[in-house]
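Structural features, examined
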Amino acid sequence: MPKTFMPEMKTVEELRNHQLKKLKWTVAHSYNGSSAYKKKMDDAGLQSGDIHSLDDLRHLPFTTATDLQEGYPFPLLSVPFSKVVRIHASSGTTGKRKVLCYTQKDIDDWTHFFARCYEMAGLTSEDRIQIAVGYGVWTAGISFQMGCEAFGAMAIPAGPGNLDMQCQFLVDFQTTAIMCTASMGLLMAEEVNKRGLKDRINLKKMTIGSERSSDAMRKRIRDLLDLDDMFDVPGMTELYGPGTGLDCIYHTGIHYWADYYILEILDPNTLDPVPEGEIGEMVVTTLEKEGVPLIRYRTRDLTKMIPGQCPCGSILPRHDRILGRSDDMIIFRAVNIYPGQVDHALSGIEGIGSEYQIVLGRKNDGKDYMTLKVERAQGVDPGQDSELGGKIKGEIKKQIMVSADVELFEYGSLPRSERKSKRVFDNRDNC
Ligand code: ZN
């Protein structure tokens with residue numbers, strides 16, 4: 001049997017037993033190790049031994065970004081400094097940055113489950129993996145690399161940007177898989193196409209992370225590069241970083257590593273669980289993390305659970321792609337709209353490109369108006385604008401139940417970036 005990085009547990013019951021054992025450990029560890037966690041639990045009238053079943057999770061107090069900011073520079077640290085071997089931080093102004101400390105065990109665990117991502121994507125030790133994401137304190141390219149090396153594939157630590165070099169590596173090293181953001185993936189795909197390199201490269205798979213990407217954008221990347229498969233890697237600094245799950249080859253949702261953390265999906269307003277399959281905020285509780293364990297951390301990311309079992313047979317549960325941030329939720333004419341829903345509505349329409357913007361404004365009549373700026377697909381004639389616009393309006397009305405004006409633009413005219421593209425422009429306060 002080749003080495004596997006999948007969980008040792010074979011059944012959901014074994015997984016739940018593991019979660020309960022590790023939840024008890026996490027609560028005791030945080031209570032004893034961090035004065036901030038001790039105070040939170042004392043305030044909630046809880047003691048470290050009060051966890052008897054997984055249902056007791058809901059009695060635990062929440063942790064938020066504010067807890068991390070207030071404890072700057074080393075918030076919620078639950079081990080002595082002598083055990084800390086690395087930090088990572090989210091970018092942001094001083095005081096708003098979240099700094100996370102890792103012990104050697106935390107790094108080893110992260111490496112192990114990142115190797116699992118490569119296994120989940122069906123890669124092997126023969127693969128050559130171009131890691132085109134950032135390395136440094138704000139980003140965690142190093143985790144892609146350590147996971148890759150533990151997995152046994154060949155890492156090409158290219159870093160982000162520098163399309164000349166990226167293209168050269170694709171040709172010279174015959175890279176088989178590339179790790180990047182979706183925006184970077186699109187830039188690379190367009191560059192490879194422009195330079196006519198498609199027949200000289202051997203790229204088969206791409207894993208994208210760190211931002212939402214529309215189905216249309218994925219399809220465009222996939223077609224331009226002739227990829228066999230694309231995967232989504234979620235990740236946030238608070239919860240180790242990238243690599244905390246991956247969709248399998250069936251693409252029925254993102255399998256998340258439930259042996260390393262518990263995921264709750266809660267209504268962001270009431271903080272009660274949403275019915276299975278409905279959109280809510282991801283709230284995570286770590287099970288193995290020593291340096292900065294998380295107890296019911298409110299991520300502000302929105303997604304939903306995927307019920308039932310995946311055809312791959314894994315016991316690891318699935319959540320949908322990140323559909324937006326609870327902070328980004330747009331309230332438009334009393335309807336809650338998540339930008340991910342707009343992605344989804346646009347993705348089924350032929351003749352449009354992958355880039356779009358949502359612009360919100362308020363007119364003199366005091367009412368809110370939404371304009372969608374959408375690119376035509378490459379080669380589509382502007383003469384079709386009224387027909388295309390009508391289709392887009394219809395799809396938005398049908399799926400999100402709001403009326404939007406549509407403006408169509410030349411392919412390639414909306415701004416692209418190597419990092420995250422801004423898509424929502426809310427001008428209602430300026431009107
Ligand atoms: Zn699966």
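Residues numbered from 1 in each chain as written. Predicted model: local features only at pLDDT ≥ 70, side-chain atom pairs only at ≥ 80, totals over all residues. Heavy atoms only, no water.

The protein chain goes by Phenylacetate-coenzyme A ligase in an unreviewed UniProt entry, where it is assigned to Candidatus Desulfacyla euxinica. The UniProt entry for the protein chain carries the following text under Sequence similarities (unreviewed entry): "Belongs to the phenylacetyl-CoA ligase family." According to the UniProt record, the Pathway (unreviewed entry) comment for the protein chain is "Aromatic compound metabolism; phenylacetate degradation." (UniProt positions renumbered as here; feature names shortened; annotations may be inferred.)

**As for the overall build of the protein chain**
Within the protein chain, the secondary structure is distributed over 10 helices and 23 strands. A globule of 431 residues ought to have a C-alpha radius of gyration of about 22 Å, and the protein chain, at 22 Å, matches this closely. Its C-alpha atoms give the protein chain principal-axis dimensions of about 70 × 60 × 45 Å. Relative to its full complement of 431 residues, the protein chain shows a buried share of 55%. Carbon and sulfur atoms make up 49% of the accessible area of the protein chain, which totals about 19300 Å². (Helix = DSSP H or I, 4+ residues; strand = E, 2+ residues; numbered from the N terminus. Rg over C-alpha atoms; globule rule 2.2 N^0.38 Å. Buried < 20%, exposed > 50% of the residue type's maximum accessible area, 1.4 Å probe, protein only. Areas by Shrake-Rupley, 256 points an atom, 1.4 Å probe, with all protein chains shown as cover.)

**A word on the sheet that holds strand S5 (residues 177–181)**
Judged by pairing direction, the sheet is parallel, and its 5 strands sit side by side in the order S4-S3-S5-S6-S7 without closing on themselves. Edge strands, defined here as strands with exactly one partner in the open sheet, are strand S4 (154–156) and strand S7 (229–233). Here the strands of the sheet are splayed against their neighbours by 20 degrees on average, with no regard to which way each runs. The sheet contact formed by strand S3 (residues 128–131) and S5 spans 3 bridges and is parallel. Counted as the bridge partner of Ile-129 is Ala-177 from S5. Each of strand S6 (205–209) and S7 touches helix H8 (residues 215–225); the most contacted strand, S7, lies at about 140 degrees to it. (Pairing = 2+ DSSP bridges. Axes fitted to C-alpha atoms, helices over the stretch in contact; angles between N-to-C directions. Contact = heavy atoms within 4.5 Å.)

**Here's the deal with the side chain of Gln-357**
By the element assignment, Gln-357 lies in strand S20 (residues 352–362). Discounting chain neighbours no more than four positions away, the residues touching Gln-357 are Thr-371, Leu-372, Lys-373, Leu-414, Pro-415, Lys-422, Arg-423 and Phe-425.

**So, the coordination of the zinc ion**
Within the protein, Cys-248 (SG), His-255 (NE2), Cys-310 (SG) and Cys-312 (SG) serve as the donor atoms for the zinc ion, at 2.1 to 2.3 Å. Between the 4 donor atoms coordinating the zinc ion, the angles at the centre fall across 103 to 118 degrees, so the site counts as tetrahedral. Every donor residue of the zinc ion comes from the same chain, spaced as C-x6-H-x54-C-x1-C. When its relative accessible area of 3% is taken as the criterion, Cys-248 is described as buried. The class for His-255 is buried, based on a relative accessible area of 0%. (Donors = N, O, S within 2.8 Å, 3.2 Å for Na, K, Ca; no water. Tetrahedral: all angles 85-135°; square planar, octahedral: opposite > 155°, others 65-115°.)

**Regarding the pattern of salt bridges**
Across all of its chains, the model carries 28 salt bridges by this definition. For Lys-39, the salt bridge identified is with Asp-43, shortest N-O distance 2.9 Å. Residue Lys-39 and its partner Asp-43 are located together in helix H2 (residues 35–43), separated by 4 residues, close to a single helical turn. Arg-428 serves as the salt-bridge partner of Asp-426, at 2.9 Å between the closest nitrogen and oxygen. (Salt bridge = Lys/Arg side-chain N within 4 Å of Asp/Glu carboxyl O.)

**Describing the sheet that holds strand S22 (residues 405–409)**
The strand order across the open sheet built from 4 strands is S22-S21-S20-S23, with neighbouring strands paired in mixed fashion. In the strand order of this sheet, the two ends are held by S22 and strand S23 (424–426), each with one partner. The mean angle between the axes of side-by-side strands here comes to 20 degrees, regardless of whether they run parallel or antiparallel.

**Focus: helix H4 (residues 104–120)**
An ideal rise of 1.5 Å per residue puts 24 Å on 17 residues; H4 measures up with 24 Å between its terminal C-alpha atoms. Within H4, 12 of the 17 residues are buried, which leaves it mostly tucked inside the rest of the structure. Listed in full, the buried residues belonging to H4 are Asp-106, Ile-107, Asp-109, Trp-110, Thr-111, Phe-113, Phe-114, Ala-115, Arg-116, Cys-117, Tyr-118 and Met-120. (Expected span 1.5 Å × (residues − 1).)

**Examining the domain arrangement of the protein chain**
Assigned domains within the protein chain: domain 1 (1–326) and domain 2 (330–430). Between domain 1 and domain 2, the C-alpha centre-to-centre distance is 29 Å. (Domains from an automatic or database assignment.)

**Examining unusual backbone geometry**
Residue Pro-73 is reached from Tyr-72 by a cis peptide bond, and omega for that bond is 10 degrees. Here Pro-73 shows up in the loop between helix H3 (65–70) and strand S1 (84–89). A positive phi angle, close to 55 degrees, is found at Leu-76, a residue other than glycine. The phi torsion at Tyr-240 lies on the positive side, around 65 degrees, for a residue other than glycine. For Tyr-240, the position within the fold is in strand S9 (residues 239–242).

**Looking at the pairing of strand S14 (residues 297–303)**
Burial analysis of S14 places 6 of its 7 residues in the buried class, which makes it a mostly covered element. For strand S13 (residues 280–286) and S14, the ladder comprises 4 bridges, and the chain directions are antiparallel. Bridging across to S14, Val-284 finds its partner in Tyr-297. Inspection of the sheet shows S14 paired to strand S17 (residues 324–325) by 2 bridges, in the antiparallel sense. Within S17, the position partnered with Asp-301 by the bridge is Arg-325.

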